[in-house]
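Single-letter residue listing:
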Amino acid sequence: MQSEDKGTVRAEDGRRKEEGTARGQAGRSERECALVWKRNGRERVLETQERAGVPYLYFPAFEESGLVRHGFSTRLGGVSRGDCATMNFALNRGDDPANVRENYRRMAAAIGFRAEQMVLAKQTHTIHIRRVTKDDAGKGYCRERDYKDIDGLMTDVPGLTLVTSYADCVPLLFLDPVRRVIAASHSGWRGTAAGMGRHTVEALRETYGCRAQDLLVGIGPSICQSCYEVGEEVAEAFAGLCGPDTELVRPIEEKPGKYLLNLQKINERILLEAGVKKEHIFVTDLCTCCNKDLLFSHRGSRGRRGNMAAFLCLRED
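What counts as what
- Residues numbered from 1 in each chain as written.
- Predicted model: local features only at pLDDT ≥ 70, side-chain atom pairs only at ≥ 80, totals over all residues.
- Heavy atoms only, no water.
- Pairing = 2+ DSSP bridges.
- Helix = DSSP H or I, 4+ residues; strand = E, 2+ residues; numbered from the N terminus.
- Buried < 20%, exposed > 50% of the residue type's maximum accessible area, 1.4 Å probe, protein only.
- pLDDT = per-residue confidence, 0-100.
- Contact = heavy atoms within 4.5 Å.

With that settled, consider the sheet that holds strand β14 (residues 259–261). With respect to topology, three strands assemble into an open sheet ordered β12-β14-β13, the strand pairing being antiparallel. Looking at the sheet topology across the chains shown, the edges are occupied by β12 (229–230) and β13 (249–251). Note that β13 and β14 share three bridges and pair antiparallel. By the bridge assignment, Val249 is partnered in β14 with Leu261.

What follows is the structure, given as structure tokens:
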């Protein structure tokens, strides 16, 4: 499961400076998006919206707070081609950097934030979380990042948009409506085994005084258990977390030494053990691999794909 993009998205010389917010554009073209999803379970956890010709997924519970703008990209609505078609955010998949920049601009327009206020993670499957301040605005997009090995971002600064990327791994979005603090973390199997969700809760408490029981947490589009076959090495990494629970790490009877891993539910368990209330955790009903025509999936495409991204910012208005 790979999701890292390399470098910084830069405009070509002479390309006009991108200002940003798309609130006006978004308001002119907004509608519910009628994409046909293959959903897991009966409850609809994620909904789809389209603005300015760009569809994206969102958690209604986050929107109802009135405190944030957020969304998960699909693979639709962008300008990338080939394996990265069309809404790709990775620079290490053979895409033209100008296409990636345009895709970021389009997502900013759709969700309604300023592109130059984005701060991009530098993901390498760690549990490192960075506090983001106004001095970080634009890093990874229009400025070089002066950090590395960062799989989580957190901030209390309105207008700064936290950006993490995925193509099967688990996106975790955090909102403290009491302290008005947000965080976004990337949790692949390595991050999940190391307890990325717990580390994010602890970082929010230590940095901003957030209480676990106040947090809302969204577990975003990612690979489901039925699609995620792993070997002994990966399964053993979860022995301490899951114990004898074969529902989370399910042996495949006809394939000795192979297992089906439920990253989404394991992340939920980690969050519950960290003190987050069950009714405050929203677990995706969408699998990236089951919906590989609408979402990028490393497994589903056998590595021939782009990256999606998650975007989260505190509202300025």
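More follows now that the structure is in view.
Quick look at the pairing of strand β7 (residues 152–155) now. Moving residue by residue along a regular strand, the side chains alternate between the two faces of the sheet. Neither face of β7 is left uncovered, since the one carrying Gly152 and Met154 and the one carrying Leu153 and Thr155 both have all their residues buried. Here strand β6 (residues 129–131) pairs with β7 via three bridges, running parallel. Counted as the bridge partner of Arg130 is Leu153 from β7. As defined by bridge partners, β7 adjoins strand β10 (residues 181–187) across four bridges and the pair is classed as antiparallel. The partner of Thr155 across the bridge, within β10, is Ile182.

In this section: the pairing of strand β11 (residues 216–219). Burial along β11 is two-sided: Leu216 and Gly218 and Val217 and Ile219, pointing in opposite directions, are all buried. Pairing analysis gives four bridges linking strand β9 (residues 170–176) to β11, with the strands arranged antiparallel. Note that in β11 the partner of Phe174 across the bridge is Val217. Both β11 and strand β15 (residues 281–283) contribute to a ladder of three bridges, which runs parallel. Pairing of Val217 across the sheet is with Ile281, part of β15.

The next subject is the confidence of the model for the protein. Residues of the protein with pLDDT of at least 70 account for 90%, and the chain-wide mean is 91. This stretch, residues 11–29, has a pLDDT under 50; its non-local contacts, to residues over four places away or in other chains, come to 35 contacts.

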